[in-house]
Amino acid sequence: GVVATVDLTGLDLMPFDGGMPVPRPYAIVEHGGRLWVALNNLNPVTYSPEGPGLLAVIDPVTLDAGTVELGSAGCLNPVAIAPYEGKLYVSCAGAAIYDMNFALIGTDRAGVVAYDPVTGARASWVPQCPAGGDGGCLPVLPSRLAVRDGRVYLGDQNGGRIFVADLLMDGGFAERRGYAAGSLSGPVQACGVDPMVGFSNVADILVLP
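An account of the accompanying structure is given in this report.

Quick word on the overall build of the chain
1) Next: A count of helices and strands for the chain gives 0 helices and 15 strands.
2) Next: A compact globule built from 209 residues should have a C-alpha radius of gyration of about 17 Å, and the chain, at 17 Å, falls within 12% of that.
3) Next: Overall, the chain is about 50 × 40 × 35 Å in size when its C-alpha atoms are taken along their principal axes.
4) Next: The burial tally for the chain puts 45% of its 209 residues in the buried class.
5) Next: A separation threshold of at least 6 residues defines the contact pool for the chain, and within that pool the share at least 24 residues apart is 47%.

Some remarks on the sheet that holds strand 1 (residues 25-31)
1) Next: The strand order 1-2-3-4 describes an open sheet built from 4 strands, whose pairing is antiparallel. Across the chains shown, the open sheet's two edge strands, defined by having one partner strand only, are strand 1 and strand 4 (65-69). Sheet twist, expressed as the average angle between the axes of neighbouring strands with direction ignored, equals 25°.
2) Next: By the bridge criterion, 5 bridges tie strand 2 (residues 34-39) to strand 3 (residues 54-58) in an arrangement that is antiparallel. When the bridges of strand 3 are listed, Leu39 appears paired with Leu54.

Topic: the sheet that holds strand 6 (residues 87-92)
1) Next: Spatially, the 4 strands line up as an open sheet ordered 5-6-9-10, and their pairing is antiparallel. Across the chains shown, the open sheet's two edge strands, defined by having one partner strand only, are strand 5 (78-84) and strand 10 (122-125). In this sheet, adjacent strand axes meet at a mean angle of 20° when their direction is disregarded.
2) Next: As judged from the 6 bridges shared by strand 5 and strand 6, these two strands associate in the antiparallel manner. Residue pairing in the sheet places Ala82 in a bridge with Tyr89 of strand 6.

Thoughts on the state of the cysteines
1) Next: All chains considered together, the criterion is met by 2 disulfides.
2) Next: Shown here is the disulfide that connects Cys75 with Cys92, its sulfur atoms set 2.0 Å apart. Here the disulfide of Cys75 and Cys92 is left-handed, its torsion about the S-S bond being about -90°. With Cys75 in the loop between strand 4 and strand 5 and Cys92 in strand 6, this residue pair connects regions lying 17 residues apart in the sequence.

Here we look at the pattern of salt bridges
1) Next: Scanning all chains against the criterion turns up 6 salt bridges.
2) Next: For the salt bridge of Asp166 with Arg176, the shortest nitrogen-to-oxygen distance reads 3.2 Å. On the criterion of sequence distance, the pair formed by Asp166 in strand 13 (residues 161-167) and Arg176 in strand 14 (residues 173-177) is long-range, its members being 10 residues apart.
3) Next: We classify Arg176 as partly exposed; its relative accessible area is 25%.

Considering the packing of aromatic side chains
1) Next: On inspection of all chains with the given rule, the structure shows 5 aromatic pairs.
2) Next: Three or more aromatic residues joined by ring pairs make a cluster, and in this case those are Tyr84, Tyr89, Trp125 and Phe173.

About the thresholds
Residues numbered from 1 in each chain as written. Predicted model: local features only at pLDDT ≥ 70, side-chain atom pairs only at ≥ 80, totals over all residues. Heavy atoms only, no water. Helix = DSSP H or I, 4+ residues; strand = E, 2+ residues; numbered from the N terminus. Rg over C-alpha atoms; globule rule 2.2 N^0.38 Å. Buried < 20%, exposed > 50% of the residue type's maximum accessible area, 1.4 Å probe, protein only. Contact = heavy atoms within 4.5 Å. Pairing = 2+ DSSP bridges. Axes fitted to C-alpha atoms, helices over the stretch in contact; angles between N-to-C directions. Disulfide = S-S within 2.5 Å. Salt bridge = Lys/Arg side-chain N within 4 Å of Asp/Glu carboxyl O. Phe/Tyr/Trp six-rings, centres within 6.5 Å; stacked < 30°, edge-to-face > 60°.

Keep in mind these values describe shape, not function.
So, in structure tokens, the structure goes:
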């Protein structure tokens, strides 16, 4: 077969003031005849987000590439994409905040964004610890996600959990398994937390009928 390479270095990464990010593609899907690539948009040395969460959009015939901003207010460091019923659902790891012992103490703008390529509409869901949960709840660090039968299943790289949200008719989310008020129960504890390192990573997820 024919092998082609798409150079992403010429894309406008919309860097924050003083930022010099690189695209750092992390996931790819096909949807609507185009290729969609999650771009971490990180500093090449510190791995800190220095630009908004972006998707590269590639025409597989011409190899022309552009970008779509997921919204810097709701997404930094996108890591996975799942198409579902005309929309793209993107998990964003956000900007991780660590203490001096490299334990995760928080994240900034981490969650899931629903993006409609036709209308440009965006909606976001940010699973997080309950109010007053400091010290008793490991911060949520999103990993890969799956979407099936009107629900989003989001893996967690820090606490070994799976968070679940129902998709609403208005395009938004309602947390079903998590810590938010109104959740039916807590998140699924898919993997036990290692007592030595203090975290557990749900690295991938698959939802079966």
